[in-house]
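Coordinate inspection notes
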Amino acid sequence: MFKSGTDYLWNSNDDEEETDAFIDDSLAPLERIRTYYYRADARVHHRLYAIKDLVDVAQQVGFEETSKTLLPMLQDIKCDTDPAIRQALVDQIPTLCDFLKEAGGSEGYLFVWELMLPIVSFFTTDTNQQVRHSAMDCLVSLAGKLHHEDLQPHLLPLIKSLSKDMTDEEHRVEAAELMNFLAPIVGPELCLNNFIPLVTTLTTDPMFRVRKAVASNLGNICRTIGSEQTTNLVLPLFIKLSQDEIWGVRKACAESLVHISENISPEERQNKLVQVFEKLISDPSRWVKSTAFQALGPFIATFRNLTVPEILLKFFNSMVMETKDSKLGDSDNVTFCAFNFPAVLQTIGREKWNLISDTYHLLVKDVQWKVRRSLSFSLHVIADILGSELTEKILLSIFELFLRDLPEVKVGVLTHLSKFLEVLSTDTRERYINVLEEVINNDDNNWRFHKLIAEQMGSLSKLYSPTVVSEKIVPIVFRLLADPVSAVRKSLLPELGGIIRSLDESPEQQKKFQERLVSFGRSPTYQPRLLFSHLCAEVLYQIDIQSFSDVFLPVLLNLKTDVVPNVRFTVANTLRVLLQHDKLKHHVEIIQALQLLQQDKDRDVITSAKGNGDLPFEVVPDKNSGSSSLSSDQTPNISKSNDINQTDQTNKTLETLETPIATSSKEPTSNSENIDEPLHTGQFATEETETQVPNEQANSNLEITPMNTQETPTQETPTQETPTHETHNHETPTQETHNHETCLLYTSDAADDLLCVDL
């Protein structure tokens, strides 16, 4: 890093003495390059400093000065003796070309292929390997900026030159790689007429590294020229390379086998490519054989709508069988077998399940937990392929086995629990609803499992009748809402709307569920009220707007005068979200509530109410009437297109949701319910402060009048509840006082960083 002013510049070599040169930041951009690049005693760090921001220099001086002064300097810079300088130049060329095309139009485009392309071509044969690789990436980027008609005269000659350069095999390797990268850009015609002849020549190159590069770089070429030409022109070359005397070339063929199979005719896949695979999987080289086994699953998956040759299924089963018998198997192959099993079953269909079922049962019992973990994550896919009947007959016992397995395995089935249960019949599905309760009860210390369940509560509710939802799922919902880890509670909030909708056929149960949610907003303790304000932002777009306005909105508006600043803070955030809804953007009471919160005595609440410029107006008091008015239009004009930003806005409102929920009127005696509670710097929450909530009726009749900064947001001074200040920076230690004992808590939005502290 370079220092300026009176700080000395240090050479990149720590053993050398510091220089007496200074960096003058006041120099003009071009003058800086002249001064620090062309000076006689300029060292590497001087020259790097001079050219490190060529694009910024070009933007500052403009296109005309860039073309007249800066671009000629590039010819000198490209010949710099230090590879770091050349690397810095080539890395900036794509962005510099974008500037030239945008600022200079057609004239700037001429510089791209007349000046920039030759410079990049020059670097493709650089003596430094890193510079060459960067030049290749740069060349592909520039090819995408050229007009198609300019590719053949200006780009393809370079590829031909590299492929025929016999002075250095590295250049021919680069040619093979570049042809594969550039094939989608140049198109099928240029690829057929120019690349295929060069590829054909390179397959017979005397250096095995060149042949290996060709075998590894055929995928894009095959996709570009199409199935017919791949079958006729590329497949014979591939078969020849698969028989190469060097095992590294054959291994490269095993790696490219799937690309070839995807782009040849079904007949040739059956008749020729299967034979190639048989030779590769029987290769004397262990590395070739192992690579072929790893490609077996994807290779079988290319036989879509075809009969998979039995020999391939036999090889697939042998990946596990041979390991079991300690013959030729490889533990890595077992892992690949488990990973690819769903794709293989999908290809052959449930009718041929019996051909690979023994392999599946061996994988389920494999001693490697990574193998079982892979199967647990794909269990729902296997169930979907097999259908309800086979799933209940075969997979239920495996499902139960994974639930009793290591946490690393169990997490797989819990992640896709709703998808697995969806496959089951109604009666069987209801029997396994108890899995949810068992996870909550038995894994009380594993909050990640609770989070996985919380994230699926909405989709799980759709699988059951309203009676089951109200009797089994709703109690779990409220347990999760009271979870001591904020990440669990956050994950559940987006699911509440789906749970409400699942009760549509039972209005009475739906009403009871909504009333229990609304009761959070009337809780005598501030934590549930805080949660309720977040909850409203989540359910807004998930339920009927009339239902939201009738049930949730009145209670939310009452919280605008809550005695706890953090509640008012989140209410302000939520109200701004509400104003983005097309049917609430003119809601007078919401606007009046924001007007009141913009005059709050807490500066964080004021900031939250005003937002970060996301509202097209600012609510200000009307001095004549005391009612709210708008500083711009008389009514806010928020288009419905803003609804797409609701998720981002809602995420902002969750930033302070670090509070555990207590639904009783008494404070919890254990500090475990406050393990991740951020506080404003200032006052501390005490046991005596959570006893009273402003009367709802009084709030509803509260007259909104203009207020100065000395006035309080309510007309009464609560004596039993002290506003709790919280810090919205979740990376700072916070301090709480409970029963006259103090503990230090560290909070973070990252769930992994949550710490449980017991007093």
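Residues numbered from 1 in each chain as written. Predicted model: local features only at pLDDT ≥ 70, side-chain atom pairs only at ≥ 80, totals over all residues. Heavy atoms only, no water.

Of regular secondary structure, the protein chain possesses 36 helices and four strands. Scored against the burial criterion, the 759 residues of the protein chain give a buried share of 54%. Residue pairs in contact within the protein chain that sit at least 24 positions apart in sequence constitute 69% of those at least 6 positions apart. Only carbon and sulfur atoms are counted for the fraction: they give 48% of the accessible area of the protein chain, which is about 34,500 Å². (Helix = DSSP H or I, 4+ residues; strand = E, 2+ residues; numbered from the N terminus. Buried < 20%, exposed > 50% of the residue type's maximum accessible area, 1.4 Å probe, protein only. Contact = heavy atoms within 4.5 Å. Areas by Shrake-Rupley, 256 points an atom, 1.4 Å probe, with all protein chains shown as cover.)

What follows is about the environment of L406. Structurally, L406 is set in the loop between α18 (369-403) and α19 (407-415). Residue class for L406 comes out partly exposed when judged on its relative accessible area of 39%. When the C-alpha atoms of L406 and R373 are compared, they prove to be 9.0 Å apart, with 33 residues separating the residues in sequence. Non-local contacts of L406, meaning those with residues more than four positions away in its chain, are made with W369 and R372.

The next thing to look at is the environment of A537. Mapped onto the elements, A537 comes out in helix α29 (residues 526-539). C-alpha of A537 to C-alpha of L575: the two residues are 38 residues apart in sequence and 8.1 Å apart in space.

What follows is about the packing of aromatic side chains. Evaluated as defined, the whole model comprises 17 aromatic pairs. Taking 6.3 Å as the distance between ring centres and 20° as the angle between the ring planes, the aromatic pair formed by F532 and F552 counts as stacked. Remark: F552 occurs in the loop between α30 (545-551) and α31 (553-558) and F532 occurs in helix α29; sequence separation between them is 20 residues. F552 shares its class with F532; the two are buried. Connected via pairs of aromatic rings, a cluster forms that spans F277, F299, F303 and F315. Taking the ring centre of W287 as reference, the NZ or CZ of R286 above it sits at 5.4 Å. Its guanidinium or amino end placed over the ring of F478, R516 lies 3.8 Å from that ring's centre, counting from NZ or CZ. (Phe/Tyr/Trp six-rings, centres within 6.5 Å; stacked < 30°, edge-to-face > 60°. Lys NZ or Arg CZ within 6 Å of the ring centre and 35° of its normal.)

We now examine helix α16 (residues 331-348). Turn by turn, an α-helix covers 3.6 residues, leaving residues three or four places apart pointing in a common direction. The terminal C-alpha atoms of α16 lie 25 Å apart, and with 18 residues this matches the ideal 26 Å at 1.5 Å per residue to within 8%. Remark: the principal bend of α16, roughly 50°, maps to N340, with a proline, P342, within the next four residues. Those residues of α16 that sit buried are N333, V334, C337, A338, N340, F341, P342, V344, L345, T347 and I348. In the segment just after α16, G349 is the residue with positive phi, at about 85°. (Expected span 1.5 Å × (residues − 1). Bend = angle between axes of the 7 residues up to and from the residue.)

Below, the discussion takes up the side chain of S470. Relative to the helices and strands, S470 resides in helix α25 (residues 466-481). Owing to a relative accessible area of 18%, S470 belongs among the buried residues under this scheme. Of note is the side chain of S470, whose polar atom sits 2.9 Å from the backbone oxygen of T467. Discounting residues that sit within four places of it in the chain, S470 has contacts with P475, L503 and Q509. (Polar contact = N/O pair within 3.5 Å; in protein donor to acceptor, adjacent residues only side chain to side chain.)

Further remarks concern the pattern of salt bridges. This structure, assessed with the given rule, holds 20 salt bridges. The salt bridge involving R209 is made with E170; its shortest N-O contact spans 3.2 Å. Of this pair, R209 sits in helix α9 (residues 208-216) while E170 sits in helix α8 (residues 169-202), placing them 39 residues apart in sequence. For E170, a relative accessible area of 12% translates into the label buried. Residue R568 pairs with D600 through a salt bridge whose shortest N-O separation is 2.6 Å. Here D600 lies in the loop between α33 (588-597) and α34 (603-610) and R568 lies in helix α32 (residues 565-578), a separation of 32 residues in the sequence. Among the residues examined, D600 registers a relative accessible area of 4% and is labelled buried. In the salt-bridge network here, residues are joined through shared partners; they are E169, E170 and R209. (Salt bridge = Lys/Arg side-chain N within 4 Å of Asp/Glu carboxyl O.)

Close contact between helix α22 (residues 434-442) and α25 brings their axes to 10 Å; oriented N to C, the two are set at 25°. By the angle class used here, α22 and α25 are roughly parallel. In this structure, α22 crosses over α25, and the sense of that crossing is left-handed. Contacts from N434, L436, E437, I440 and N441 in α22 reach K472, I476, R479 and L480 in α25. Considered class by class, the residues forming the contact of α22 with α25 number four nonpolar, two polar and three charged. (Axes fitted to C-alpha atoms, helices over the stretch in contact; angles between N-to-C directions. Parallel < 35°, antiparallel > 145°, perpendicular 65-115°, else oblique. Left-handed = near helix turned anticlockwise from the far one by under 90°. Nonpolar A, V, L, I, M, F, W, Y, C, P; charged D, E, K, R; others polar.)

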